[in-house]
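Commentary on secondary and tertiary structure
Spelled out, the chains give:
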Amino acid sequence: MRLDELPLNKPATIAHIGWESLDAGAARRLRALGFDEGLTIEALHHGGLVSHDPIACRIGRMTVAIRRIHASVIDVSPS
Amino acid sequence: MTALPLIALVGNPNAGKSALFNALTGARQKTGNYPGVTVERHAGRLILPDGRPAELVDLPGTYSLEPTSPDEQVTRDVITGVQAGERRPDALVIVVDAGNLDNHLRFAGELIAQGIPAIIALNMIDMAERDGLTLDPERLSADLGVPVIPTVAVRKRGVEPLKDEMLTLLGKVATSPRPLSDDFGARQRQARAIAKAAILKEAPARATTQSIDRIVLHPVAGPIILAALLFVMFQAVFAWATPFADGIDAGVSAIHDAALAALPPGIFRSFVADGLIAGVGAVIVFLPQILILFAFILVLETTGYMVRAAFLMDRLMAGVGLSGRAFIPLLSSFACAVPGIMATRTIEDPKDRLTTILIAPLMTCSARLPVYAVIIAAFIPARNVLPGIGLQGLVLFGLYLGGIVGALVAALALRRTVTKGRGMGFMMEMPRYQMPILKNLLLGLWQRAWVFLKRAGTIIAVTTMILWALLNFPRVDPASGVSQVDHSIAGHIANGLAVVVEPIGFNRDISLALIPAMAAREVAVSALATTYAIDNQDESKRDQTLGERLKGSWSLPTALAFLVWFVFAPQCISTIAVVRRETNGWRWPLFMVAYLFALAYVGAGATFWLATYLGL
């Protein structure tokens, strides 16, 4: 399952991040915000009534907002 | 005299660095700029426990030492000792959020490896504890190899022990930098391992923040709350400020009258009373409104709500090719475009950033408020359209909205033409909510008020004096019956300009006000005040307020066109200068000035003719 498909409030583990399909700037920033394989992640809020974009997720003890386009390269396995 | 020891505060954004800086330096602060770049330098003085003074510099909050933005470049260059205008610090205070060790320790590790004697301020320890974390500072200190001091910057907890440790640090010498692992992921994992070892007990994170977020980020309730907040903010700016503004107005009138009484009639009295006091006074009156606006923005920023607003706005911003990140610079531009444009430095994507810079002047800055306020008060009746919703406030809201809509349309057009290309999107940390600290709020307000007063005291005073001179020379013989304004230098310039602006309903007095308003928009008000003060030699009309005089000389369509002109026109030299600096050349500022003047001309013209057609 991809992060953009993960239902709200269902904790999951990051299985794989497709770093290579992100541009260098986005990848660097995603890393700096603490995204890494093996961590638990949980989608908390969706922005946009129809689009459900962006997504606010909890990663570690931080809440980070990212857009669906970036969430779509992150594979998660619900725990 | 030898230089003071230099201590740098450094850390992630949202680590509470500024609060710690305030706690350590109090009001002894200086804000400047690093040479050649537009990164602000915040420095202050602190007294060490042995009585020695030291200089404390607050470096920009960054996530790493990889230079990807001007902010990060400065932080990196200061720490490696190559930044122009700064010595290499003698000691580092690394500020980390105790509730977010996982993430902050990676950067802390990178900083420690630079070899400068360092200390960790384990900040916001109280919030971490409330969050269910029990930490072991000794373990952390042992693993990192530097002292760790728990602090609560907003309550000044841990500040004295921190100063004691600084003293020890200043006795040490820097070692050569340790090489870091090239693998970012490995550094991150190592930091997480250290964090894990230092956490004795852990409960699920952030109950309070999450329950607030469930409401304010709700897809339906969230945008409504945001809109309501902004609406209250703008109503408050008008309503709450009135008694204070009236007080200042009365004070200015008293000084004006005292000057008239004390000085002998003649050119010097006219210069002091009608030029200097009337001109500067007309602008100072708006200080209460500007402070209320700044207070709202400061509170929204320090509580952490501003990032939520960015989250809610991201979708809309994406629609016009921007990111939610642009929301914060744009919202700051409501206070002043200059800090707003400087705040675009946090936008990493160059095209996103350029687009945001180009539309920032369309956000209604506080300098337009004096103009709007005078015209609205004079031409829009003060009645309620609905209980609690005044027509005047509604018109003001409409002007702000006009700027926002104009900006969105402009962004869309720019993104398809001059700044074409895919943006990087939106990725942002959403910090915990925090209660604002009154003292820090007042400090921030004071710094902003001071900037405004300095502007009033310098740029505005100088331009009103020049305008006064342009209006008063060459002198006419009072017996000749020729108007002083018509005969003056400014009158002649304005007559030329009037031909250009006549089709959009502007009269000669407006052309006259537009010239000095290039220095700063609010000068338009003082310019009008000066013009009408000089042209009204009739003693019986002397007591009329500027609003009353305007109402007598302008039609409603002209007043509305004038308001719309100010929604769009780039009448601010400082903004143009800061755009030149931020974009490294004249190309973009000239483009911006041209497109905004064109918008202003068309918008004001359309308003004038529509209003005339409707018979207003």
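Residues numbered from 1 in each chain as written. Chains lettered and ligands numbered in written order. Predicted model: local features only at pLDDT ≥ 70, side-chain atom pairs only at ≥ 80, totals over all residues. Heavy atoms only, no water.

**Quick word on the confidence of the model for chain A**
- Looking at chain A as a whole, its pLDDT mean stands at 91, while 100% of the residues score no less than 70.
- For chain A, per-element mean pLDDT is lowest for helix 1 (residues 24-32) of chain A, which scores 85, and highest for strand 1 (residues 12-17) of chain A, which scores 95. (pLDDT = per-residue confidence, 0-100. Helix = DSSP H or I, 4+ residues; strand = E, 2+ residues; numbered from the N terminus.)

**A short note on the environment of B:Ile466**
- Note on placement: B:Ile466 falls in helix 19 (residues 438-472).
- Along the backbone, B:Ile466 and B:Ala490 are 24 residues apart, and their C-alpha atoms lie at a distance of 9.9 Å.

**Overview of the sheet that holds strand 2 (residues 40-46) of chain A**
- Read from one edge to the other, the open sheet built from six strands follows the order 5(A)-1(A)-2(A)-3(A)-4(A)-12(B), with strand pairing classed as antiparallel. Single-partner strands in this sheet number two, and they are strand 5 (74-78) of chain A together with strand 12 (427-430) of chain B. Within the sheet, the average angular offset between the axes of one strand and its neighbour, ignoring direction, is 40°.
- Summarising the sheet, strand 3 (residues 55-59) of chain A and strand 4 (residues 62-66) of chain A pair through five bridges and their orientation is antiparallel. Residue pairing in the sheet places A:Ile55 in a bridge with A:Ile66 of strand 4 of chain A.
- Across the sheet, helix 1 of chain A lies against strand 1, strand 4 and strand 5 of chain A together with strand 12 of chain B, angled at about 15° from strand 12 of chain B, the strand it touches most. (Pairing = 2+ DSSP bridges. Axes fitted to C-alpha atoms, helices over the stretch in contact; angles between N-to-C directions. Contact = heavy atoms within 4.5 Å.)

**So, the pattern of salt bridges**
- The tally for this structure, following the rule as stated, stands at 26 salt bridges over all chains.
- Residues B:Arg41 and B:Glu86 are paired through a salt bridge, measuring 2.8 Å at the closest nitrogen-oxygen approach. One end of the pair, B:Arg41, is in strand 3 (residues 40-47); the other, B:Glu86, is in the loop between helix 2 (70-80) and strand 5 (91-97), and 45 residues separate them in sequence.
- With its nearest N and O atoms 3.2 Å apart, the salt bridge here joins B:Arg139 to B:Asp143. Of this pair, B:Arg139 and B:Asp143 both sit in helix 5 (residues 137-144), four residues apart, roughly one helical turn.
- Salt bridges here are not isolated pairs; linked through shared partners, they connect A:Asp36, B:Asp183, B:Arg189 and B:Arg192. (Salt bridge = Lys/Arg side-chain N within 4 Å of Asp/Glu carboxyl O.)

**Re helix 25 (residues 556-568) of chain B**
Residue and element names in this part refer to chain B.
- Compared with the 18 Å implied by 1.5 Å per residue over 13 residues, the 19 Å span of helix 25 between its first and last C-alpha is a close match.
- Within helix 25, eleven of the 13 residues are buried, leaving the element largely enclosed by the surrounding structure.
- Taken as a whole, helix 25 has its buried residues at Pro 557, Thr 558, Ala 559, Ala 561, Phe 562, Leu 563, Val 564, Trp 565, Phe 566, Val 567 and Phe 568. (Expected span 1.5 Å × (residues − 1). Buried < 20%, exposed > 50% of the residue type's maximum accessible area, 1.4 Å probe, protein only.)

**Let's talk about the pairing of strand 3 of chain A**
All names here are of chain A.
- Counting buried positions along strand 3 yields five of five residues, so the element is predominantly enclosed.
- Residues Ile 55, Cys 57 and Ile 59 line one face of strand 3 and the alternating positions Ala 56 and Arg 58 line the opposite face, and both faces are buried.
- With five bridges connecting them, strand 2 and strand 3 associate as antiparallel partners. Of the residues in strand 3, the one forming a bridge with Ile 41 is Ile 59.
- Taking the residues that link successive antiparallel strands as the turn, the strand 3-strand 4 hairpin has two residues, and the phi of Gly 60 there is positive, at about 60°.

**Description of the packing of aromatic side chains**
- Under the definition given, this model contains 13 aromatic pairs over all chains.
- For the pair B:Phe231 and B:Phe397, a centre-to-centre distance of 4.9 Å together with 85° between the ring planes defines the contact as edge-to-face. Note that B:Phe231 is positioned in helix 9 (residues 221-239) and B:Phe397 in helix 18 (residues 391-416), a separation of 166 residues in sequence.
- Here the basic side chain of A:Arg31 rests over the ring of A:Trp19, its NZ or CZ set 4.1 Å away from the ring centre.
- Taking the ring centre of B:Tyr433 as reference, the NZ or CZ of B:Arg308 above it sits at 4.2 Å. (Phe/Tyr/Trp six-rings, centres within 6.5 Å; stacked < 30°, edge-to-face > 60°. Lys NZ or Arg CZ within 6 Å of the ring centre and 35° of its normal.)

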